[in-house]
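# Chain and residue survey
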Amino acid sequence: MELIAEKVRQTYGSLDVLDDVDLVIGSGEIVAVLGPSGCGKSTLLRLLGGLERPTSGRVLLSGAAPAGSLNPLTYVFQDFALVPWRSVAENVALPLEHLAMTAAERAARVADALARVDLVDFGGTYPKQLSGGMKQRTAIARALVVEPAIFLMDEPLSALDAQTRDLLMDDLKRLWTETRFAAVYVTHNVAEAVQLGHRIVVLSRRPGRIRDVVAIDLPLAERHEGHPDLVAASRRIWASIRDEAAIAERELIDVA
Amino acid sequence: MSPDPGLREVPFRGGGFAPGNRRIAAPLTFAALVLLWWVATARGWVSPLALPRPGEVASALADMVASGEIWRHLAASVRRLVVGWAIGASLGVAVGFAIGLSTLARSTALPLVSALFPIPKIALLPLFIVWFGIGEASKYATIAFGVFSPMAIAAFGGVDGVERSLIRMAQSFGVPNRDIVRKIVLPGAMPALLSGVRISASIGIILLTAAEMIGAEHGIGALVLSAGNLMQTDRLIAGVLILAGLGLIVAFLIGVAERRLLGWR
């Protein structure tokens, strides 16, 4: 299944947020969307998953969802969006509860998803007792449980500390190697983008336009910090965003 | 330059702002008040006409229990409170949720609720007696009406306070709206609903008493009024104590509900 953005433009009142974005996310491909603060990358993600309607242009799906996919376009949010009155297992079960399946099947799916993020022993724990990394792993389990074709990840590591971020990055690479999902990975962090992206789409400052697309052929498993391919890609990305970032930084005040 | 004051501890300046609860304190407070009452009446600081002794009130209570009179009054009052509160609270929660969830309800019902809230509901009892007769229905209506506004406002505030990111999350998984209301909005609004229950139950008891003083044969309010008319201050104080006890029981029940429903906090 492919996800296609066609001449997508988004404005809020007189504020142009995204302008003329064309993007195709192929199956099994991770597209990192990188850009300075307030460049509309989160807006683009909400448009891609149907949480917002574009002012003009279209967001399209082509091809059938893989068999067994219960929610083809599935988000992982920056703030985790865990339901505080539900335990870890109940949070993971939430997207299954309105679907027709036996309780045993639901329990088996939840157990499988928890196992894949190494949270088997924490099913009965409540979110407030979890560390940030465990919260995000819970949210990833909740996304895995519906077997998405395309993950829509909105800065999933931004709310975490550096060590946790590295561990979770390894988890994401392992999960991708296991299931070869497609993903749109929104981030402002160049290192994350080159670690995970097959292609890195660099957005300009507001109104966000695609400024550059950098492809990295190196397999995810071989992407160790300091690999020459990653260094070269980072350098190219930095060159294209540095000036933008400096200007966007000064503009931040009127973004809100 | 001031002289070097040498090695010393950093003064502690945190702490506080975290009130706990000593279980023994509440009964002790009540006991101390009764003791003060007893001393004041026994020493003659207060005239027995103005305030009977604790012993007299206790024996008045015991007489009412022995004759079974108290249960007649209590049963009538509790039924009015429960029925009136249940009607008002369920309507209030329904309207509050509508205000919290729909533009139409917010623009029509919210100003209405705001206009109804400050009306002293007891002023409407005569009207309700005209509509529903002197019987139970007019008392139910008064209590229900008084309970309605605070519950509607609590429910609407609670729904407004539910994190939108959780709702977007549920939508992103294709959870149907009905389930979003049941699984996200309702539990998210529960803390506000329970504090609404706390306030509206007390308003209910106030209106109950007032309504029973205006036109009722039985009920704690009727008991207090008739005792006052006959200068039976011992029975009057006994009735007031029963009302206070009713308030305590309601507070206890809400506490139980909070522990069960809000354990996740």
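An account of the accompanying structure is given in this report. It should be emphasised that the depicted structure is a prediction, and the values quoted were computed from it without experimental measurement.

## Section: the interface of chain A and chain B
Listed by partner, the interface residues are 22 residues for chain A and 18 residues for chain B. Taken together, chain A and chain B are joined by 1 salt bridge. Lys183 of chain B serves as the salt-bridge partner of Glu97 of chain A, at 2.8 Å between the closest nitrogen and oxygen. If you look at where chain A meets chain B, you find 4 residue pairs in polar contact (both at pLDDT 80 or more). When residues of the side of chain A that touches chain B are traced back to their parent elements, those giving at least two are strand E5 (73–76) and helix H4 (132–144) of chain A. In terms of residue count, the dominant contributor to the side of chain A that touches chain B is E5 of chain A (3 residues).

## Remarks on the packing of aromatic side chains
All names here are of chain A. Counted by the stated rule, this structure contains 7 aromatic pairs over all chains. Each ring, one from Tyr75 and one from Phe77, has its centre 5.5 Å from the other, and the planes form 15°; the classification is stacked. The pair Tyr75 / Phe77 is uniform in exposure class, with both members buried. Between Phe151 and Phe181, the ring centres sit 4.5 Å apart and the planes meet at 55°, which makes this aromatic pair tilted. Of this pair, Phe151 sits in strand E6 (residues 150–154) while Phe181 sits in the loop between helix H5 (162–179) and strand E7 (182–187), and the two are 30 residues apart along the sequence. Accessibility assignment for this pair places Phe151 and Phe181 in one class, buried.

## Points about a nonpolar patch on the surface
All names here are of chain B. Together, Phe30, Leu33, Leu36 and Leu248 make up a nonpolar patch on the protein surface, roughly 420 Å² of accessible area in all. Ranked by residues supplied to the nonpolar patch, first place goes to helix H1 (residues 25–42) with 3 residues. Residue position: Leu36 is located in helix H1.

## Observations concerning the environment of Gly13 of chain A
Residue and element names in this part refer to chain A. Looking at the element boundaries, Gly13 is found in the loop between strand E1 (2–12) and strand E2 (15–25). Judged by relative accessible area, Gly13 falls into the exposed class, the value being 73%. The spatial distance from the C-alpha of Gly13 to the C-alpha of Asp212 is 27 Å, given a sequence separation of 199 residues.

## A closer look at helix H4 (residues 103–116) of chain B
Residues and elements named next belong to chain B. Taking 1.5 Å as the rise per residue, H4 with 14 residues should run 20 Å; its terminal C-alpha atoms sit 20 Å apart, in good agreement. Maximal helix bending in H4 amounts to about 35°, located at Ala109; proline Pro111 follows within four positions. Within H4 the residues assigned to the buried category are Ala105, Ala109 and Val113. Its side-chain oxygen at 3.4 Å from the backbone nitrogen of Leu104, Ser102 defines the N-terminal cap of H4.

## Some thoughts on the sheet that holds E5 of chain A
Residues and elements named next belong to chain A. Read from one edge to the other, the open sheet built from 6 strands follows the order E5-E6-E7-E3-E8-E9, with strand pairing classed as mixed. Of all the strands in the sheet, the pair left with one neighbour each is E5 and strand E9 (210–215). Within the sheet, the average angular offset between the axes of one strand and its neighbour, ignoring direction, is 20°. As paired elements, E5 and E6 share 4 bridges and run parallel to each other. Following the sheet pairing, Leu73 is matched in E6 by Ile150.

## Comments concerning the pattern of salt bridges
Close approach of charged atoms allows side chains with opposite charge to pair. All chains considered together, the criterion is met by 23 salt bridges over all chains. With its nearest N and O atoms 2.9 Å apart, the salt bridge here joins Glu97 of chain A to Arg86 of chain A. One end of the pair, Glu97 of chain A, is in the loop between helix H2 (88–93) and helix H3 (103–116); the other, Arg86 of chain A, is in the loop between E5 and H2, with 11 residues separating them in the sequence. Between Arg235 of chain B and Glu69 of chain B there is a salt bridge, and its shortest N-O distance comes to 2.8 Å. Residue Arg235 of chain B is located in helix H10 (residues 233–261), and its partner Glu69 of chain B is located in helix H3 (residues 69–101); the two are separated by 166 residues in the primary sequence. Here Arg235 of chain B and Glu69 of chain B have matching classes, each one buried.

## With respect to the sheet that holds strand E4 (residues 56–62) of chain A
All names here are of chain A. The 3 strands lie next to each other as E2-E1-E4, forming an open sheet whose pairing is antiparallel. In this open sheet, the two edge strands, each paired with only one partner strand, are E2 and E4. Strand after strand, the sheet turns through a mean of 10° between neighbouring axes, direction not considered. Examined bridge by bridge, E1 and E2 share 7 bridges and lie antiparallel to one another. Along E2, the bridge assignment pairs Val8 with Val21.

Each value, and the rule that gives it
- Residues numbered from 1 in each chain as written.
- Chains lettered and ligands numbered in written order.
- Predicted model: local features only at pLDDT ≥ 70, side-chain atom pairs only at ≥ 80, totals over all residues.
- Heavy atoms only, no water.
- Contact = heavy atoms within 4.5 Å.
- Salt bridge = Lys/Arg side-chain N within 4 Å of Asp/Glu carboxyl O.
- Polar contact = N/O pair within 3.5 Å; in protein donor to acceptor, adjacent residues only side chain to side chain.
- Helix = DSSP H or I, 4+ residues; strand = E, 2+ residues; numbered from the N terminus.
- Phe/Tyr/Trp six-rings, centres within 6.5 Å; stacked < 30°, edge-to-face > 60°.
- Buried < 20%, exposed > 50% of the residue type's maximum accessible area, 1.4 Å probe, protein only.
- Patch = residues over 30% accessible without salt bridge, like charges linked within 9 Å, V, L, I, M, F, W, Y side chains within 5 Å.
- Areas by Shrake-Rupley, 256 points an atom, 1.4 Å probe, with all protein chains shown as cover.
- Expected span 1.5 Å × (residues − 1).
- Bend = angle between axes of the 7 residues up to and from the residue.
- Pairing = 2+ DSSP bridges.
- Axes fitted to C-alpha atoms, helices over the stretch in contact; angles between N-to-C directions.

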